[in-house]
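# Structural description and commentary
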Amino acid sequence: HWHFAVIGAYSSTALTEMQIQARELGMESRVHVLPWTPYDVVRRWVPGCDVGVALYASEAPNLNWRVMGSARVKLMEYMAASLPSIVCSRDTFAALANATGALEVLESETDASITRALDRLQPGTEHGARLSRAASAAHLARYHCEAQLAPLLHSLGLDRGPARER
């Protein structure tokens, strides 16, 4: 069974409605609805999750750079935690999915599409395990601080790898 943590800047009415839906579906103990939450608190939730989800409506008019930057950081955190993740089809996320092979891109932004994606990523599925491995590999090879610093250190002649001539 899935456990969900829904975290975001929702109105108190939306939060209450989500909690009511969870209770009506008998999922109250497995659905945690939190308001906008400080980063250090959110960071503690991620490793215990089964799947990461980053949905930003494709038709949303020009999401600002802060929102999109925050979304990319969220995806990097999911990858660092080896979570298979679902993303919307916005260009930014589709490009990241193509570059890493670590993300499930929604066919469309409908409830049915989200449900199909979640089904494909159920814990124990080969597809979910493959995306989890790809997320971990992409994080270590491309996004981890050592991977980010390696080109800079190399250009400064400070890399200490075995290939460097002394």
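So, here's what we can say about the structure. Computed from a predicted structure; not experimentally measured. (Residues numbered from 1 in each chain as written. Predicted model: local features only at pLDDT ≥ 70, side-chain atom pairs only at ≥ 80, totals over all residues. Heavy atoms only, no water.)

## Section: the overall build of the protein chain
Short version of the rule: By the criteria applied, helices consist of DSSP H or I runs no shorter than four residues and strands consist of E runs no shorter than two, each listed in order from the N terminus. We call two residues in contact whenever any of their non-hydrogen atoms come within 4.5 Å of each other. Using the Shrake-Rupley algorithm and a 1.4 Å probe, accessible areas are obtained, with residue cover drawn only from the displayed protein chains.
Looking only at helices and strands, the protein chain has seven helices and five strands in total. The secondary structure elements of the protein chain, listed N-terminal to C-terminal, are β-α-β-α-β-α-β-α-β-α-α-α. Restricting to contacts in the protein chain with at least 6 residues of sequence separation, those with at least 24 account for 60%. A total of about 10,500 Å² of accessible surface is found on the protein chain, and carbon and sulfur atoms cover 57% of it.

## Comments concerning the packing of helix α4 (residues 91-100) against helix α6 (residues 126-143)
Convention followed: Angular values range over 0 to 180 degrees, each being the angle between N-to-C directions of two axes fitted as lines to C-alpha atoms, with helices fitted over their stretch in contact. Angle categories are assigned with fixed cut-offs, so that under 35 degrees is roughly parallel, over 145 is roughly antiparallel, 65 to 115 is roughly perpendicular, and the rest are oblique. Residues were grouped as follows: Ala, Val, Leu, Ile, Met, Phe, Trp, Tyr, Cys and Pro as nonpolar; Asp, Glu, Lys and Arg as charged; and all remaining residues, including Gly, as polar.
Running from N to C, α4 and α6 cross one another at 95°; their axes reach a closest spacing of 10 Å. By the angle class used here, α4 and α6 are roughly perpendicular. Two secondary-structure elements touch here, α4 through L96, A99 and T100 and α6 through A134, A138, R142 and Y143. A breakdown of the residues in the contact of α4 with α6 according to their chemical character gives five nonpolar, one polar and one charged.

## A word on the sheet that holds strand β4 (residues 85-87)
Applicable threshold: DSSP bridges decide pairing: two strands pair if at least two such bridges lie between them.
Strands sit in the order β3-β4-β5 across an open sheet of three strands; the sheet is parallel. Looking at the sheet topology across the chains shown, the edges are occupied by β3 (52-54) and β5 (103-105). When the angles between neighbouring strand axes are averaged without regard to direction, this sheet yields 25°. Pairing analysis gives three bridges linking β3 to β4, with the strands arranged parallel. Paired with G52 across the bridge in β4 is S85.

## Notes on the nonpolar core
This is how the line gets drawn: For our purposes a nonpolar core is just a set of buried Ala, Val, Leu, Ile, Met, Phe, Trp, Tyr and Cys residues, chained together by side-chain atoms within 4.5 Å. Burial here depends on accessible area, computed with a 1.4 Å probe over protein chains only, as a share of the maximum for the residue type. Under 20% is buried, over 50% is exposed, and the range in between is partly exposed.
The biggest cluster of nonpolar side chains holds 11 residues, and these are V46, A54, L75, Y78, L83, V87, C88, F93, L96, A97 and L103. Residues I86, A117, L118 and L131 belong to the second largest nonpolar core, which totals eight residues.

## Re the pattern of salt bridges
Note the following rule: The working definition used for a salt bridge is a side-chain nitrogen of Lys or Arg within 4 Å of a carboxyl oxygen of Asp or Glu.
This model, assessed by the stated rule, comprises five salt bridges. R23 is the partner of E28 in a salt bridge, and the nearest nitrogen-oxygen pair spans 3.6 Å. Classification of E28 by relative accessible area gives partly exposed; the value is 45%. Its salt-bridge partner being E107, residue R116 comes within 2.5 Å of it at the nearest N-O pair. Taking the relative accessible area as the measure of exposure, R116 reaches 36% and is therefore partly exposed.

## Notes on α4
Note the threshold: Directions drawn from the helix axis to the C-beta atoms are what define this arc.
Three or more residues of α4 are buried, namely F93, L96, A97 and T100. Looking straight down α4, one finds that the buried residues subtend no more than 100° of arc, so they occupy a single side. Residues of α4 that are exposed and point more than 90 degrees away from the buried face comprise D91 and N98. Immediately beyond the C-terminal end of α4, within one or two residues, lies G101, with a positive phi of roughly 65°.

## A short note on a nonpolar patch on the surface
Test applied: Note that patches include only residues with greater than 30% relative accessible area and no salt bridge, and the join distances are 9 Å for like charges and 5 Å for nonpolar side chains (Val, Leu, Ile, Met, Phe, Trp, Tyr).
Taken together, the side chains of L149, L152, L153, L156 and L158 make up a nonpolar region of the molecular surface, amounting to roughly 450 Å² of accessible area. Counting through the fold element by element, L156 comes out in the segment after α7 (145-155). On the basis of relative accessible area, L156 is assigned to the exposed category, the value being 55%.

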